[in-house]
Amino acid sequence: MGKLYAVGFGPGGYEHMTAKAIDVIKNADIITGYTTYVEMLKEFFPDKEYMATPMMQEMERCRIAVDLASEGKTVAMVSSGDSGIYGMAGILLEIANEKQADVDIETVPGVTAASAAASILGAPLMHDFTIISLSDLMTPFDLIMKRVDCAGQGDFIVCLYNPKSKKRADYVEKAADILMKYRSADTPAGVVRHAGRAGESSCITTLGELKNASIDMFSIVIIGNSNTYVKNGKMITPRGYEDKYGFASLD
């Protein structure tokens, strides 16, 4: 039986890869994935055999990986972040089931963009939060905004993936307007670009001023809940711990 791994290698730097991910990549017969991700890994694993496919060929890429594993090879299907969060793990399992392939599939988790961005901004994800992709390639716009509305009603911290593109220039602004039905325009919001990669940058603004922030497809946006505050340049969401002096201060 062949072995097929869905490997999340984190933001892209070697220091953010788990020991498990490194071990799997080193011992795989072949590494396959989206061209950009493959090129990122070649810097750290130059002697491996790679097979890359362009964007929008996810299904074909997975079929190739399943076929290779069916031949008895050990295959690592790689993606940045976590392979089970907007990654390739689900598609691999679906394709393997479709083919009735006799392949052992294992998911190797990695540091997702929300975690990487949050660590740069401070501690904004210390309470219940939701991750919502603003990409409408596979999810209708109305459903995306309904999810944003529900997150606002529940006072969730909101992490936005794929926040803006040339065709979706105002989706972040629309999401912010929805959230401002339930929380103050002064609610802290953070934007991190290229989290954990070369060219990393970040800024902290407010929910009301997100429309003026520099945001693109390489950005992650984190919007605090009603208790999130900024102190010494860091976003902090209180968890509500108690000590002998009482609840932690929100100041």
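Placed above this text is the structure.
Computed from a prediction, not measured in an experiment: that's the story for all the values here.

Caption draft 1: The sheet that holds strand 1 (residues 2-8), seen in detail. As summarised here, the arrangement of the five strands in space is 3-2-4-1-5, forming an open sheet in which the pairing is parallel. Here the strands that pair on one side only, and so sit at the sheet edges, are strand 3 (50-53) and strand 5 (103-108). Pairwise comparison of adjacent strand axes, ignoring direction, gives a mean angle of 20 degrees for this sheet. Contacts from helix 1 (residues 19-27) reach strand 1, strand 2 (30-34), strand 4 (74-79) and strand 5, with the element oriented near 135 degrees to strand 1. The sheet strands contacting helix 3 (residues 58-70) are strand 1, strand 2, strand 3, strand 4 and strand 5, and the helix crosses strand 4 at an angle near 160 degrees.

Caption draft 2: A look at the pairing of strand 2. Within strand 2, five of the five residues are buried, which leaves the element mostly enclosed by the surrounding structure. Alignment of strand 2 against strand 4, held across four bridges, turns out to be parallel. Looking at the pairing, Gly-33 lines up with Val-78 of strand 4. When strand 2 meets strand 3, the two strands line up parallel, connected through four bridges. Bridge pairing in strand 3 links Ile-31 to Tyr-50. Assessed by its sense of winding, the connection that carries the chain from strand 2 through helix 2 (residues 35-42) to strand 3 is right-handed.

Caption draft 3: Main features of the pairing of strand 4. Counted residue by residue, strand 4 has five buried out of six residues, so it is predominantly covered. Note that strand 1 and strand 4 share six bridges and pair parallel. Bridge assignment links Leu-4 to a residue of strand 4, and that residue is Val-75.

Caption draft 4: Representation of the packing of helix 3 against helix 4 (residues 89-99) within the structure. Interhelical geometry of helix 3 versus helix 4 gives an angle of 60 degrees and a closest axis separation of 9 Å. Looking at the two axes, helix 3 sits oblique to helix 4. Of the two possible hands of crossing, helix 3 and helix 4 adopt the one that is right-handed. Listed contacts from helix 4 to Glu-58, Met-59, Cys-62, Arg-63, Ala-65, Val-66 and Asp-67 of helix 3 are Ile-91, Leu-92, Ile-95, Ala-96, Glu-98 and Lys-99. Counted by class, the contact of helix 3 with helix 4 contains eight nonpolar, no polar and five charged residues.

Caption draft 5: Structural context of helix 5 (residues 113-121). Within the span of helix 5, buried status applies to Ala-114, Ala-116, Ala-117, Ala-118, Ile-120 and Leu-121. Directly beyond the C-terminal end of helix 5, a positive phi value near 135 degrees is found at Gly-122.

Caption draft 6: Main features of the nonpolar core. Counting residues in hydrophobic clusters, the biggest one holds 22 residues, and the most contacted among them are Ile-132, Leu-134, Met-145, Leu-160, Leu-210 and Ile-223. Only helix 6 (141-153), strand 8 (157-161), helix 7 (171-179), strand 9 (188-193) and strand 11 (219-223) provide two or more residues apiece to this core. Sort the elements by how many residues they give to this core and helix 7 lands first, with six residues. Residues Ala-21, Ile-25, Leu-41 and Phe-45 belong to the second largest nonpolar core, which totals 18 residues.

Caption draft 7: A look at the packing of aromatic side chains. Per the counting criterion, the structure on display carries six aromatic pairs. A ring pair is formed by Tyr-34 and Tyr-37, whose centres lie 5.2 Å apart and whose planes are at 90 degrees; its orientation type is edge-to-face. Given the relative accessible area of 21%, Tyr-37 is considered partly exposed. Measuring from centroid to centroid gives 4.8 Å for Phe-141 and Tyr-171, while their planes differ by 50 degrees, and the two rings are tilted. Highlighted residues: Phe-141 in helix 6 and Tyr-171 in helix 7, separated in sequence by 30 residues. Through a chain of ring-to-ring contacts, three or more aromatic side chains come together here, namely Phe-9, Tyr-34 and Tyr-37.

Here is what the cut-offs are and how they apply
- Each chain has its residues counted from 1, following the order in which its sequence is written.
- With pLDDT at 70 or above as the cut-off, local features in this predicted model cover only qualifying residues; side-chain atom pairs require 80 or more to be listed or tallied, and sums for whole chains, interfaces and linings still use all residues.
- Hydrogens and water molecules were not included; the side-chain quantities draw on all heavy atoms of the structure.
- When DSSP finds two or more bridges between a pair of strands, those strands are recorded as paired.
- Helix numbering and strand numbering both begin at the N terminus, where a helix is a DSSP run of H or I of at least 4 residues and a strand a DSSP run of E of at least 2.
- Orientation is described by lines fitted to C-alpha atoms, with helices fitted over the stretch in contact, and by angles between N-to-C directions that extend from 0 to 180 degrees.
- What makes two residues a contact is simply this: any of their non-hydrogen atoms within 4.5 Å.
- The classification of residues rests on relative accessible area computed with a 1.4 Å probe and restricted to protein chains. Under 20% of the type maximum is buried, over 50% is exposed, and intermediate values are partly exposed.
- Orient the strands so they point away from the viewer; a crossover is then right-handed if the path from the first strand over the helix to the second runs clockwise.
- An angle below 35 degrees is read as roughly parallel, one above 145 as roughly antiparallel, one from 65 to 115 as roughly perpendicular, and any other as oblique.
- Definitions for this section: a left-handed crossing has its near helix turned counterclockwise from the far helix by less than a right angle. A right-handed crossing has that turn clockwise.
- Lys, Arg, Asp and Glu make up the charged group, whereas Ala, Val, Leu, Ile, Met, Phe, Trp, Tyr, Cys and Pro make up the nonpolar group; the residues left over, Gly among them, are polar.
- Here, nonpolar core refers to any group of buried Ala, Val, Leu, Ile, Met, Phe, Trp, Tyr and Cys residues whose side-chain atoms link them within 4.5 Å.
- Note on aromatic pairs: the rings of Phe, Tyr and Trp (six-membered ring only in Trp) are paired at centre separations within 6.5 Å, and the planes decide the class, stacked below 30 degrees, edge-to-face beyond 60, tilted for the rest.

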